[in-house]
Amino acid sequence: MPKIRKILIANRGEIAIRVMRTCKELGIPTVAVYSEADRSALHVRMADQAYFVGPPPSRESYLVQERILEVARHAGADAIHPGYGFLSENASFVRACEKAGITFIGPPASAMDAMGEKTRARQNMIQAGVPVVPGTTEPIATQEEALAYAQKIGFPVMLKAAGGGGGKGMRKVEKTEEFDSAWRSAKSEALNAFGNDAVYIEKYLDKPHHVEIQVFADQYGTTVHLGERECSAQRRHQKVVEETPSPILTPELRAQMGEVAVKAAKAVNYVGAGTVEFLVDAHRNFYFLEMNTRLQVEHPVTEWVTGLDLVALQIKVAEGEKLPFTSTVPPRGHSIEVRIYAEDPARNFMPSPGKIQYLRVPGGPNVRDDSGVFAGFTVPNFYDPMISKLSVWAPTRAEAIARAQRALSEYVVKGITTNTRYLKAILAHPEFAGGDYDTSFLTREHTVLL
Ligand code: ADP
């Protein structure tokens, strides 16, 4: 397979820049795309070429497949890196790239199809012998059927959108009386967010941990896991802080989960970078939650402890190279990432877009700031308000926490409100320091953390 000569990055913000940095190191020219709201964005300035793709709403710009492909052809890009979000998990886009003779840097469309809808993924995983969260494997047709099923498996249950993502279309139901409103709101939210109102039921696991396994596969069937990420610090089912290694995994459990994650990836003939997400209960039983068929937001913590560049690996795998390892790369030390959002925790985490008047970013040993902004940039209100990911490495977890605190205290953003104080409060919380915090931690300690 020929080497990739030029990469179009079909994304914006920090992840577009993250991908460009590796391209530059590999000597591969980059093409950026941008919407009206991103004319002066950093990813546009950092790319070798940049093309306008449409008005601010992503549906009219970053999500317009034909426009992105047209730019790729025009700019002479022979590959597209989708980042995360936008078109990254869109199987029809992968097929359109194939048709256009452009390499999509990601898994094949068939693997995306197999893992895309949560219900289909659950069926495929059961067939492969991977334990899944107990529940249905088909969307449920009527509310009566759904209620009967919930009563059969017992409350609490989780109603979930089959096409779900980003914590949307998900409702916990504690008892029969709550079922009606939860059912309606899950369905309407699912329809709004995904254009698909199919909902299914999972048993609600009590205070689980979210632990996910990074997998990597080349085109020749070598599939390897690269350890886990603990992502239980969540708000509204969305990750806020991630770390690796997970403080709750024993070496045995890590090996077991890694093996199951590899089995999951192999079952769908996976290629490239992917993440198999699990919920781990109080007895340390683990259950498949979903597979994300792309590079994750939180990939830097894995890069810190393995010393690998996951984007470079994605590009090499897409070029047809073999993985440079055949078994897992043991982690060294500890890494923590915090997500910095333009939002106001004191005002119910309302997004706080606007012009950044002043910006000082942290530095020093073993600190990495994956930022998408600069002083003078106006953070648009059309997209995810995450402006940066701050990640650190240290030999031990305690030192990593101290380093993350230190780095956060160096972060100064003026003009917009950010969640840095909230992040510091999380890192300073005794439950976080203890390491055994579950997915209910941030909600439970809400008032303490504000
Ligand atoms: P999304 O694709 O929208 O991100 P996920 O299925 O990955 O949704 O779940 C996101 C988070 O929601 C999980 O990390 C967990 O905290 C919570 N969650 C999902 N399903 C369950 C469940 N059955 N029981 C308890 N918590 C759950």
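Note that this is a predicted model, so its numbers are computed, not measured.

**A short note on the overall build of the protein chain**
Helix and strand counts for the protein chain come out as 16 helices and 22 strands. Since a compact globule built from 450 residues should have a radius of gyration of about 22 Å, the 21 Å found for the protein chain is in line with a globular shape. Seen through its principal axes, the protein chain has C-alpha atoms that stretch 60 × 50 × 45 Å. In the protein chain, which comprises 450 residues, the proportion classed as buried is 51%. Long-range contacts, defined here as pairs at least 24 residues apart, represent 65% of the contacts in the protein chain between residues at least 6 apart.

**With respect to the environment of alanine 146**
Mapped onto the elements of the fold, alanine 146 is located in helix α7 (residues 143-153). Its 24 C-beta neighbours within 10 Å are what place alanine 146 among the buried residues. As a C-alpha pair, alanine 146 and valine 199 span 53 residues in sequence and 9.2 Å in three-dimensional space. When near neighbours in sequence (up to four residues on either side) are disregarded, alanine 146 contacts Ile140, Trp183 and Ile201.

**A short note on the site of the ligand**
The environment of the ligand is made up of 19 residues, and the closest members are Glu202, Leu205, His210, His237 and Thr439. Grouping the amino acids of the shell around the ligand by side-chain chemistry returns seven nonpolar, eight polar and four charged.

**Let's talk about the sheet that holds strand β4 (residues 79-81)**
If you trace the five strands from one edge of the open sheet to the other, you get β3-β2-β1-β4-β5, paired in parallel fashion. This sheet does not close on itself; its edge strands, each paired only once, are β3 (49-54) and β5 (103-104). With three bridges connecting them, strand β1 (residues 7-9) and strand β2 (residues 30-35) associate as parallel partners. Opposite isoleucine 7, over in β2, you have threonine 30 as the bridge partner.

**Some remarks on the UniProt feature "domain: Biotin carboxylation" (unreviewed entry) in the protein chain**
Those residues carrying the UniProt feature "domain: Biotin carboxylation" (unreviewed entry) are residues 3-447 in this numbering. Structurally, residues 3-447 comprises 35% helix and 26% strand, and the distance from its first C-alpha atom to its last is 53 Å.

**Things to note about the nonpolar core**
Among the nonpolar cores identified, the biggest contains 132 residues, and Leu8, Leu159 and Phe278 are the most heavily contacted of them. If near-sequence neighbours (up to four positions away) are discounted, phenylalanine 278 is found in contact with Val211, Glu212, Met257, Phe286, Tyr287, Phe288 and Leu289.

**Some thoughts on the UniProt feature "domain: ATP-grasp" (unreviewed entry) in the protein chain**
UniProt records the feature "domain: ATP-grasp" (unreviewed entry) for residues 122-319 in the present numbering. Taken end to end, residues 122-319 comprises 36% helix and 30% strand; its first and last C-alpha atoms sit 31 Å apart.

**Quick look at helix α6 (residues 118-128)**
Every buried residue belonging to α6 is among Lys118, Thr119, Ala121, Arg122, Asn124 and Met125, and all of these are buried. Positive phi appears at glycine 129, one or two residues downstream of α6, with a value of about 85°.

**Brief notes about the confidence of the model for the protein chain**
On average, residues of the protein chain score 97 in pLDDT, and 100% of them are at 70 or above. As scored by the predictor, the complex reaches a pTM of 0.98 and an ipTM of 0.99.

**Details of the sheet that holds strand β6 (residues 157-161)**
Read from one edge of the open sheet, three strands run β7-β6-β8, paired in antiparallel fashion. At either end of the open sheet lies a strand with only one pairing partner, and these are β7 (170-173) and β8 (199-203). Averaged over all neighbouring strand pairs, the angle between strand axes comes to 25°, with direction disregarded. Here five bridges tie β6 to β8, and the two strands are oriented antiparallel to one another. Within β8, the position partnered with lysine 160 by the bridge is tyrosine 200. Where α7 meets the sheet, it contacts β6, β7 and β8, and its direction lies at approximately 10° from that of β8.

**Examining the environment of glutamate 319**
By secondary structure assignment, the location of glutamate 319 is in the loop between α11 (310-318) and β14 (334-341). In this structure glutamate 319 comes out as partly exposed when scored by C-beta crowding, with 15 C-beta atoms within 10 Å. Put simply, glutamate 319 and proline 247 are 72 residues apart on the chain and 36 Å apart in space, counted from C-alpha to C-alpha.

**Concerning unusual backbone geometry**
Cis geometry is adopted by the peptide bond preceding proline 156, which originates at phenylalanine 155 and carries an omega value of -5°. Of note, proline 156 is situated in the loop between α7 and β6. The omega angle of the peptide bond from threonine 244 to proline 245 is -5°, so this bond is cis rather than trans. Assignment of secondary structure puts proline 245 in the loop between β11 (238-244) and α9 (251-267). One non-glycine residue with positive phi stands out, namely lysine 207, at about 45°. By secondary structure assignment, the location of lysine 207 is in the loop between β8 and β9 (209-217). Owing to 13 C-beta atoms within 10 Å, lysine 207 belongs among the partly exposed residues under this scheme. Residues other than glycine seldom take positive phi values, yet arginine 236 does so here, at roughly 50°. Relative to the assigned elements, arginine 236 resides in the loop between β10 (223-235) and β11.

About the criteria used
- Residues numbered from 1 in each chain as written.
- Predicted model: local features only at pLDDT ≥ 70, side-chain atom pairs only at ≥ 80, totals over all residues.
- Helix = DSSP H or I, 4+ residues; strand = E, 2+ residues; numbered from the N terminus.
- Rg over C-alpha atoms; globule rule 2.2 N^0.38 Å.
- Buried ≥ 20, exposed ≤ 12 C-beta atoms within 10 Å, placed from the backbone.
- Contact = placed C-beta atoms within 7 Å.
- Near = placed C-beta within 6 Å.
- Nonpolar A, V, L, I, M, F, W, Y, C, P; charged D, E, K, R; others polar.
- Pairing = 2+ DSSP bridges.
- UniProt positions renumbered as here; feature names shortened; annotations may be inferred.
- Core = buried A, V, L, I, M, F, W, Y, C linked by C-beta atoms within 7 Å.
- pLDDT = per-residue confidence, 0-100.
- Axes fitted to C-alpha atoms, helices over the stretch in contact; angles between N-to-C directions.

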